[in-house]
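# Breakdown of the fold
Spelled out from the first residue to the last, the chains are:
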Amino acid sequence: MRITIEEVEKMASLSMLYLSDDDKKMLQSSLESILSHAQRLNGLDTKDVQPTTYILKQQNVFREDVPLQKRRREELLRNAPEQEDGYFIVPQVVE
Amino acid sequence: MKLNELTITRARNLLEKKEITSLALTEDCLKRIEEAEPKIHALVTVAKDTALEQAAGIDKKRAAGEKTGRLAGIPTIIKDCICTRDVKSTASSKMLYNYVPIYDAHVIEKLKAQDYVLVAKANMDEFAMGSSTENSGFGVTKNPWDLERVPGGSSGGSAAAVAADEAIFALGSDTGGSVRQPAGFCGVVGVKPTYGTVSRYGLMAFASSLDQIGPITKSVEDAAIVMNTISGRDERDSTSAIMQYPDYEKDMKKDVRGMKVGVPREYLEQEMSSDVRNIFEESIRQFKDMGATVETTSLPTFDYALSAYYIISSAEVSSNLARFDGIRYGYRTKEYADLKEMYKKTRSEGFGDEVKRRIMLGNYVLSSGYYDAYYLKALKVRTLIKNDFEEQFKKFDFLLSPVTPTPAFKIGEKSTPMEMYVSDLFTVPVNIAGMSAISLPAGLSDEGLPINIQVITNAFCENTMFRAAYNFEQAAGFAAKPAL
Amino acid sequence: MKYEKVIGLEVHAELSTKTKIFCGCKNEFGADQNTNVCPVCLSMPGMLPVLNGQVVQYGVRAGMALGCEIPNFSKMDRKNYTYPDLSKSYQISQFEFPLCKRGSVLIETEDGQHEIGITRIHIEEDAGKLVHQSGFSQVDYNRGGVPLIEIVTEPDLRSADEVKVFLETVKANLEFIDVSDCKMQEGSLRCDVNISVRPEGQEKFGTRTELKNLNSFSAIFRAIDYESGRQIEVLEDGGTVLQETRRWDDLQGKSYPMRDKEEAHDYRYFPDPDLVPIFLTDEEINVIRDSMPELPAAKKDRYIKTFGLSAYDASILTNSKFTAEYFEQCVLQYPNPKAVCNYIMVDMLKMLNESGTDPSRIPVPAGDLCGLLKLVEDGVINSSVGKQVFEDMFKTGKPPAQIVEEKGLKQIDDTQAIHEIVLQIIKANPKPAADYRSGNKKAMTFFVGQVMKATKGKANPKTVNELVQKELDQ
């Protein structure tokens, strides 16, 4: 079960992570070993098996379209690393 | 006996009879914490002042003859991935080093309604990923039975704290064994309720289709009492089971005569230390002596549960942790030139290695080209595993197994991820299949380390589970305590 | 070589539920930043989504209005990508099993009728808003979690005109069933365009590009025009069109390739484990179907058959729920559909356009318009005075009788008085009179006009015509 460094880099990009070259190599090898272990799943014939997408049998769990009590904005922004004027502040987004 | 060594049952009794006060009980716990923490480091935050305040308040209510809750004045420790309003909740991650939630988890609301006392937040493997608490962003917790060994994980802090009597009981969370395995390593009782029984609202998500909050206690009866408090339908969690919830203490003390017990041979065939094997076989004898019939049976898909677990849980967590981006809460890196750098540095600095590994693995198995081969395949295997267990429960009232292949291992002993993952082998199938299970002390190894057994019951059959466990507990008479 | 445009649309409409799709925050436009947010839509740790049942109802209604099949089973999936306005870094949407499938919308342009296929409609949550400042951006999550339906069409559209009519039809339908107010200027209706070109007669599709950031109907048309032209130029130069997403810059009048969002292409869809499936029984679906109001197409047919309106008129009236309702209210009180229709089509729409008023805010009560029509019918005022009065009614909100009274606009019927004026005008204008008498019958209009002017438009036009003719013919 081989994973290329390019694949590791692609995953790092999807995961929004920086990886040093050493990190990449280590991840490459640990991912390879985990996925090799996972190959054993191919030993099970699942051709006509439905996936268990939901563990409970319930369906149609809905909320009523009724507004709930509001909290104060200061409280909601309290944990923000950077905020001003009621906005969350982020570094420049290039469109 | 020091008050912090009491069980819920005993403490409640003494409190109701006014023979002790909540304040005294809480003070003893805090004293013990002061004593034990430098050695075991089980806790992230100690809420000393508020705990004393809460305890004093309950005493006042009681003195005035007012009605108090079922857990009134009972000092409790909560795993740090369960949100407690106005009390720092970190999931033992640098990413949330300063995070103070503005809401309580559903289970906390329920405990508050019963007048519990919050004493501390417990250390854990970061974001619940791990089996030893070595992945904590704030240092490993030491096993009170042997300070060179791990307490297990991810609820290692909760289990160690209860074993060391830093509180009367604790809450942990179990995704692949994270309550049962540390309970086993620390010689206490741990329950993984059926998925859907305890609301996940306010539980920082690891794997959404597997996570359940569960009690870690000193006795089976205590666990049933806590279950009665924390379980129940919550409209804020769509996966909270819509059903009639039972009284978990009901019929617990009935005997187990005539009950049918299955022991899956696949468990027996695994490599395990001789201590574990001997104690397990002894526990089988115990059940036979109590009048249950024990038979060897088979779970043919046992071997596949661990792989299915790694794929499913990593996929879900890679998505669940994507929200940690330094914008609305938590850690943000200090220097960055643009948005992308801010994201990547924040996450790379805020998350530990195991978390990063699982996020990467999760994104891999969900990515186009691999989804069918891994994620979809794992979901299908999950169906087969679930079917397997359901077949067993047509014949048996419960299944019996060891909790871990060995007692607590040494800190630093497991050097590769796979090695660590394999220690979850016995507990993971229960989460995959959506069943319930309890881990309870059965004996000590030759080195004096606790060894637990696991009682597994069908979904929503916790009453059977508590009954079997209670009877075993009474018969086994495990009373050892760590010599901390 | 002649080229044909092949266009498909992805239309997003905000549903007008009271609350967001997964939490109890208010769904309201224009609130102060971050005042309609909560721990759930801010995606704080441990928070979970719960689906607003009304969103499912509205989504199904939208599907029915656009001719879709409603499958019994559908579910929510996670679409994973990172952007600051997406607080979970995934959007809860529907991928594998959408709420509605395989519909169609019939449009009519000057080129005739054309059925536009709807591939699917699904429900999903909206993202927040980013406000760009210099060196940093501000994030407002008020819009995050607002319920959307995404309508995906087959690549059946062939011109900007068809796109216009299609969007108007969709808007009218969604308005009629009360699920969305479809205001492009408020962002409750958004449209991305997928466009490719191919030589006329060729069956194979060309490579398509996706155009984003189209914020008005006119921007959509300009963009289609530009992009098809750009693609044709590329092809004629011997190049190949790149499959890419391009951003429309309306100020520059050009499209630009969007920054490489390469990671964003792998959305890693998987079923959301925090939610449970939606299962609608045939019965439940029928209940919704039975509760649907009359849709624009059916209403248009009815107007043609029952009220004898022209297809054109019926189509304009049924373009908006509000004009249709207004029309029907008026006809109930003043059963002359053609007269009512005329006033709405000509005078009302003109005033609405001039004043920039939305049809949902017609300031003239139906009863008042009916009152006006009756005044004209009864000859109290003549029809051109009627139009003046209407303008006044629109601007001031006063009832017609009051305006007529206040401004003394009653029709002059006094034949003798009119006769005198006619004689005066003819006497004062010998040349046009001579013109008329020498055969230029058209000169009569001059006199009629002058008499009307002299009476400030209030003279009975029939009487004026008769008397002018009589005097000139002498």
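The structure reproduced in this document is the subject of the present report. Numbering of residues starts from 1 in every chain and runs along the sequence as written. Here chains are named by letter from A upward and ligands by number from 1 upward, in the order in which they appear as written. Only residues with pLDDT of at least 70 are given local features in this predicted model, and only at 80 or more are side-chain atom pairs given and counted; all residues enter the totals for whole chains, interfaces and linings.

### Notes on the overall build of chain B
Within chain B, the regular secondary structure consists of 16 helices and eleven strands. Within these notes, the globule rule equals 2.2 Å times the number of residues to the 0.38 power, and the radius of gyration is based on C-alpha atoms. Taking 23 Å as the expected radius of gyration for a compact globule of 484 residues, we find that chain B reaches 21 Å, a close match to that expectation. In terms of overall dimensions, chain B has a C-alpha envelope of 65 × 55 × 45 Å along the principal axes. Put simply, chain B has 484 residues, and 65% of those count as buried. Residue pairs qualify as contacts under a 7 Å threshold applied to their C-beta atoms, which are placed from the backbone. Considering only contacts within chain B whose residues lie at least 6 apart along the sequence, 76% involve residues at least 24 apart. A run of H or I in DSSP becomes a helix once it reaches four residues, and a run of E becomes a strand once it reaches two; helices and strands are each numbered from the N terminus. Every C-beta atom is placed from the backbone, and the number of other C-beta atoms within 10 Å of a residue's own sets its class: buried at 20 or more, exposed at 12 or fewer, partly exposed in between.

### Focus on the sheet that holds strand β2 (residues 75-79) of chain B
All names here are of chain B. Strand order across the open sheet formed by eleven strands is β1-β3-β2-β4-β6-β5-β10-β11-β9-β7-β8, with mixed pairing between neighbours. Here the strands that pair on one side only, and so sit at the sheet edges, are β1 (43-46) and β8 (293-297). Within this sheet the neighbouring strands show an average axis-to-axis angle of 25°, counted without direction. Note on geometry: axes are lines fitted to C-alpha atoms, helical ones only across the stretch in contact, with angles between N-to-C directions running from 0 to 180 degrees. Lying on the sheet, helix α7 (residues 220-230) is in contact with β4 (169-174), β5 (189-192), β6 (212-217) and β10 (436-444); it crosses β6 at an angle near 145°. Of the strands in this sheet, β9 (398-402), β10 and β11 (450-457) touch helix α16 (residues 462-476), which is tilted by about 5° from β10. Only strands joined by at least two bridges in the DSSP assignment are considered to pair.

### Quick look at the pairing of strand β8 (residues 129-132) of chain C
Residues and elements named next belong to chain C. Where β8 meets strand β9 (residues 136-140), four bridges bridge the pair, whose relative direction is antiparallel. Counterpart to Leu-130 in the pairing with β9 is Val-139. Turn length for the β8-β9 hairpin, with the two strands adjacent in sequence and antiparallel, is three residues, and the turn residue Gly-135 shows positive phi of about 90°.

### Comments concerning the interface of chain A and chain B
The partner chain B presents 53 residues to the 37 residues of chain A that form the contact. Broken down by element, the side of chain A that touches chain B gets its largest block of residues, seven residues, from helix α2 (residues 21-38) of chain A. Residue polarity follows a fixed list, in which Ala, Val, Leu, Ile, Met, Phe, Trp, Tyr, Cys and Pro are nonpolar, Asp, Glu, Lys and Arg are charged, and the others, Gly among them, are polar. Looking at the side of chain A that touches chain B residue by residue, the class counts come to 23 nonpolar, eleven polar and three charged.

### Things to note about helix α1 (residues 53-65) of chain C
The α-helix winds at 3.6 residues per turn, so residues separated by three or four positions along the chain end up facing the same way. Residues and elements named next belong to chain C. Residue count minus one, scaled by 1.5 Å, sets the expected span of a helix. Compared with an ideal rise of 1.5 Å per residue, which puts 13 residues at 18 Å, α1 spans 19 Å between its outermost C-alpha atoms and is within 8% of the ideal. Within α1, eleven of the 13 residues are buried, leaving the element largely enclosed by the surrounding structure. Within α1, burial applies to Gln-54, Val-55, Val-56, Tyr-58, Gly-59, Val-60, Arg-61, Ala-62, Gly-63, Met-64 and Ala-65. Count one or two residues on from α1 and you reach Gly-67, which has phi positive near 75°.

### Focus on helix α4 (residues 106-113) of chain B
All names here are of chain B. All buried positions along α4 are accounted for by His-106, Val-107, Ile-108, Lys-110 and Leu-111. Looking at the packing, one finds that the buried side of α4 touches β2, β4, β6 and α7. Remark: Asp-115 follows α4 within two positions and exhibits a positive phi of approximately 65°.

### Details of the environment of C:Gln94
Residues and elements named next belong to chain C. Summarising the element assignment, Gln-94 is placed in the loop between β5 (90-93) and β6 (100-109). Exposure remark for Gln-94: the 24 C-beta atoms within 10 Å place this residue in the buried category. For Gln-94 and Lys-75, which are 19 residues apart along the polypeptide, the C-alpha to C-alpha distance reads 6.4 Å. Here Gln-94 is in contact with Ser-74, Lys-75, Met-76, Asp-77, Leu-99, His-122, Ile-123 and Glu-124, once residues within four sequence places are set aside.

### Some remarks on the environment of C:Lys164
Residue and element names in this part refer to chain C. Assignment of secondary structure puts Lys-164 in helix α2 (residues 160-176). In this structure, the C-alpha to C-alpha distance between Lys-164 and Phe-217, residues 53 residues apart in sequence, is 7.1 Å. Apart from the residues within four sequence positions on either side, Lys-164 is in contact with Phe-217 and Phe-221.

### Quick notes on the interface of chain B and chain C
Each side of the interface is counted separately: chain B has 33 residues, and chain C has 24 residues. Examining the composition of the side of chain B that touches chain C, we find that three residues originate from one element, helix α10 (residues 305-320) of chain B, more than from any other. Across the side of chain B that touches chain C, the residue classes tally to 16 nonpolar, nine polar and eight charged.

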